[in-house]
Every structure is written in structure tokens, then in C-alpha cells.
Amino acid sequence: MGSKHRLLPWLESVLGQLNFETALDGFSGSGCVSYLLKVMGKDVHSNDFLAFATDFARATVENSTETLSAEDVERLLEPAPSRERFIEQEFDGIFFSHDDRVFLDQVWANASGLSKGQLAIAMSALYRSCIKKQPRGVFTVGGGRYDDGRRDLRLTLQDHFLESVDIFNGLVFDSGCHHVATTSDIFALAIHETPDLVYLDPPYVPRADDNCYVKRYHFLEGLATYWRGAEFHPTSKVKKLRKRYTPFSYRRTAESAFEQLFEKFRDSTIVLSYSSSGYPDLPRLVELLRRQKSEVEVFSEEHRYHFGTHSRVSDARKLVTEYLIVGQ
Ligand SMILES: C[S@@+](CC[C@H](N)C(=O)[O-])C[C@H]1O[C@@H](n2cnc3c(N)ncnc32)[C@H](O)[C@@H]1O
């Protein structure tokens, strides 16, 4: 949700005009913008407050050398008779078949000997597999109600995992620069050396529904730590985790969150991703950024979002304008 992967060529064309060597991607999500920055030869600090998002960035950005060999994968797939059976038992009748759930418990049990980079690849491959196997790619409903027989739903989680490991292995490269991935609320993030550029892509306050990442991806966030210390929402049928508060989700707190954000990073070039469907609107955001930055420039690009489940074609292919607001 909210991934910028389709916009990467445009992002590169804008970022390529700016002078910087070190960058912070403060809301890294899928990690694709951090990866772009790595490809562009920058030192990258990738951060998100969700642990599974950090794993994507750890596997593909922080990690420059580690991959999973065929033997490593074989070891991960071995039976683990003394494994914990948390997923098998807790998510029975909610997500995935019995064999798929056993597979997840098994890989978790076998993953303990992996290095940090390898573990991030294994976890990223598991997340990708779970998303692929889940109808609509989110964990808001269980029970396979939307099963339309397509390939992604027919493959076992293990099949998906094998494909996904190949994909993540193939992304690993050494750019010769230094990269780090962290899990932190942006406002609590300790910055030791001021990055030349900070890229900010916070969630948008939506017009309808909500933008809660935990609601959609709680299973992946739980899996990131095998639900250690996690708290289920008391009434959730799909065993959601409790919502993580972010001020960017609410009209009454979003503006002051942007103000704080711009102040925190006032010594860096700020590049904010925003869309015409978000709140506050563009003139207001420019005004807030101008308080910290003498030069503010806005780049825009039309972008079509696809919402597969909407019934009307006009709703299904909404055109929004994407902005990059650059303050120097
Ligand atoms: C729009 S998405 C980022 C998408 C990303 N640029 C990509 O292309 O995949 C917003 C991200 O912000 C994270 N997030 C929300 N509030 C946060 C906060 N207060 N601190 C850090 N991360 C936060 C969410 O977990 C989510 O991954």
C-alpha cells in the first residue's frame, strides 16, 4: 500500500537534479525508494516504524553481500519436529492451509542460524509469499473467501518462498557505500550525522476508510518477531495486532506532524512525496515547508492508482497528481 515503485523513474529524474551524497528514507515501506537511492550511489539510511518494512530494507539495501544458497534454503525447509506451533494453532481457520502454516513455523524454527542479512532475505521472502498467497494481498479478511483459483493462490507458500528467495537474492549488490536500516518512529529516530537529503513519504490522511498499515499487514508485522510480546486486538476475528498510532493518519494531528517533521530535518534538503488526494493540501504543505526552507520547488506527475475491488471503472482507475515538494 502506497508503494512508489511505479514512480521510481520519475523520482530518479527529480532526485538526480539534486546535490547529495547521504540520504535518509524516513518512511521506507517496501524499501523501493531506498533501493533506488542505493542504485544512485548514495549512502542510505532506511527507516520505518514497522519491523517487516525494515526487513525489506535490510535485505536489499543495508545488506550488500549476503545471499541464501541452495543449501541454506534446504536447511530452512527441513522438518523441525520440536518447532513452536504458534502459526499452525493461532491462525487455524483464519489464514492459509494447515501445510502452509506448518511451513511458516518450520522456517521460523530453522532460521536461527542465519546471519543478519540472510535472515532479512528469508523474512522478506516469507512476507512476499504471504502477500502473494493472500487474496488482495492484505490480511483484513481470512478464510479464503475471495479464492478465484489464480496461480498465486494455487501455489503453496513453499513454492512462493522458493521464487521469492531467488528474487531477493538477485537484488543484493555492493554499491561500495554504507547503508543502514532501522525500525523507529520518525520522531524518535536518533540522527547522529545530518543526512544531506531526507526523503519523506508518510501515509496520507485518506478521504474515506483509513490508511492503517497494521490493519492490512498485521500478519507480517507479527511474523517479523514471531508475535513475541505482541498484543492481539481483543475483538478481531483475524487476530489483528493493536493499531500503531501515527499522527499522519488524522486530520487534527497531520498538520502539526508535518511542521515537526520539517523542523526536525531543517538542516537537510527535504524531499516530500505527496498526492493530490492527501490532506493537508499542496499550498498548505508548501507554506509549512517555507517556514524552514528558503527555496521550495514542486514537481508533479500524474499517476493512475489501480483499485482492483472497486465496482465502477471510474473508481477503479483513479487519477491523482503525485507531488515531490523539494525544500533546500
Ligand atoms: C506511504 S508508505 C511509504 C512507502 C514507501 N515510500 C514505498 O515506496 O514503499 C508510509 C510508511 O510510513 C510508515 N510510518 C507511518 N507512520 C510512521 C512513523 N510515525 N514513523 C515511521 N514510519 C511511519 C508506515 O509503516 C509505512 O510503511
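Keep in mind it's a predicted model, so treat the numbers as computed, not measured.

### Thoughts on the overall build of the chain
Step number 1: Scanning the chain from terminus to terminus reveals 13 helices and seven strands.
Step number 2: Looking at the chain residue by residue over its 328 residues, the buried ones come to 52%.
Step number 3: Of the roughly 15,600 Å² that the chain leaves accessible, carbon and sulfur atoms contribute 48%.
Step number 4: Taking the average place of the 40 positive charges on the side chains of the chain and the average place of its 46 negative ones, the gap between the two points comes to 7 Å.

### A look at the pairing of strand β5 (residues 269-275)
Step number 1: Here β5 lies mainly inside the structure; seven of its seven residues are buried.
Step number 2: The side-chain alternation of β5 yields two buried faces, one formed by T269, V271, S273 and S275 and the other by I270, L272 and Y274.
Step number 3: For strand β4 (residues 197-200) and β5, the ladder comprises four bridges, and the chain directions are parallel. Looking across to β5, one finds that V198 is bridged to I270.

### With respect to the state of the cysteines
A covalent bond bridging the sulfur atoms of two cysteines is what the word disulfide describes.
Step number 1: Tallied over the full model, the rule gives zero disulfides.
Step number 2: In this structure C32 is not part of a disulfide, and its nearest cysteine sulfur, from C177, lies 19 Å away.

### Brief notes about the side chain of T321
Step number 1: Relative to the helices and strands, T321 is located in strand β7 (residues 317-327).
Step number 2: Given a relative accessible area of 19%, T321 falls into the buried group.
Step number 3: Every residue in contact with T321, bar those within four places of it in the chain, is listed here: Y274, S275, S276, S300, E301 and E302.

### Digging into helix α11 (residues 251-264)
Step number 1: Taking 1.5 Å per residue, 14 residues should reach 20 Å; α11 reaches 21 Å between its end C-alpha atoms and fits that length.
Step number 2: Within the span of α11, buried status applies to T253, A254, A257, F258, L261 and F262. Here the buried residues of α11 occupy an arc of 165 degrees about the axis, which is enough to place them on one side.
Step number 3: Elements that come into contact with the buried residues of α11 comprise β4, β5 and α12 (282-290).

### Some details on the packing of aromatic side chains
Step number 1: Taken as a whole and judged by the stated rule, the model has 31 aromatic pairs.
Step number 2: Plain terms: the ring middles of F56 and Y127 are 5.6 Å apart, the flat faces sit at 80 degrees to each other, and that makes the pair edge-to-face. With F56 in helix α3 (residues 51-62) and Y127 in helix α7 (residues 116-133), this pair connects stretches of sequence that are 71 residues apart. You'll find F56 and Y127 in the same group, each marked buried.
Step number 3: Judged by centre distance (5.9 Å) and plane angle (55 degrees), the rings of F86 and Y226 are tilted. Here the residue F86 occupies a position in helix α5 (residues 86-90), and Y226 occupies one in the loop between α10 (213-225) and α11, the gap between them amounting to 140 residues.
Step number 4: The exposure class assigned to Y226 is buried, which follows from its relative accessible area of 2%.

### As for the site of the ligand
Step number 1: The ligand sits among 20 residues. The nearest are K4, S30, D48, D201 and T246.
Step number 2: Measuring from an oxygen atom of the ligand, one finds a side-chain N or O atom of D48 at 2.7 Å.
Step number 3: Separating a nitrogen atom of the ligand from a backbone N or O atom of I186 is a distance of 2.9 Å.
Step number 4: Protein contact buries 97% of the 600 Å² of open area that the ligand shows by itself.
Step number 5: Considering only residue class, the shell around the ligand consists of nine nonpolar, seven polar and four charged.

### Some remarks on the pattern of salt bridges
Step number 1: Under the counting rule described, the total for this entry stands at 18 salt bridges.
Step number 2: Of the charged contacts, one joins E163 and R151 as a salt bridge, the two residues approaching to 2.5 Å between their closest N and O atoms. One end of the pair, E163, is in helix α9 (residues 157-171); the other, R151, is in helix α8 (residues 151-154), and 12 residues separate them in sequence.
Step number 3: For R151, a relative accessible area of 43% gives the class partly exposed.
Step number 4: Residues joined by salt bridges that share partners form a network here, namely R58, E62 and K116.

### Quick word on the environment of L50
Step number 1: On the secondary structure map, L50 appears in the loop between β2 (43-48) and α3.
Step number 2: Residue L50 is classed as buried on the basis of its relative accessible area of 3%.
Step number 3: For the pair L50 and Y274, spaced 224 residues apart in sequence, the C-alpha to C-alpha distance is 20 Å.
Step number 4: The residues touching L50, leaving out its near neighbours within four places in the chain, are T183, Y213, V214, E221 and R244.

The rules behind the values
Residues numbered from 1 in each chain as written. Predicted model: local features only at pLDDT ≥ 70, side-chain atom pairs only at ≥ 80, totals over all residues. Heavy atoms only, no water. Helix = DSSP H or I, 4+ residues; strand = E, 2+ residues; numbered from the N terminus. Buried < 20%, exposed > 50% of the residue type's maximum accessible area, 1.4 Å probe, protein only. Areas by Shrake-Rupley, 256 points an atom, 1.4 Å probe, with all protein chains shown as cover. Lys, Arg positive; Asp, Glu negative; His and termini not counted. Charge placed at Lys NZ, Arg CZ, Asp CG, Glu CD. Pairing = 2+ DSSP bridges. Disulfide = S-S within 2.5 Å. Contact = heavy atoms within 4.5 Å. Expected span 1.5 Å × (residues − 1). Arc of directions from axis to C-beta. Phe/Tyr/Trp six-rings, centres within 6.5 Å; stacked < 30°, edge-to-face > 60°. Near = heavy atom within 4 Å. Polar contact = N/O pair within 3.5 Å; in protein donor to acceptor, adjacent residues only side chain to side chain. Nonpolar A, V, L, I, M, F, W, Y, C, P; charged D, E, K, R; others polar. Salt bridge = Lys/Arg side-chain N within 4 Å of Asp/Glu carboxyl O.

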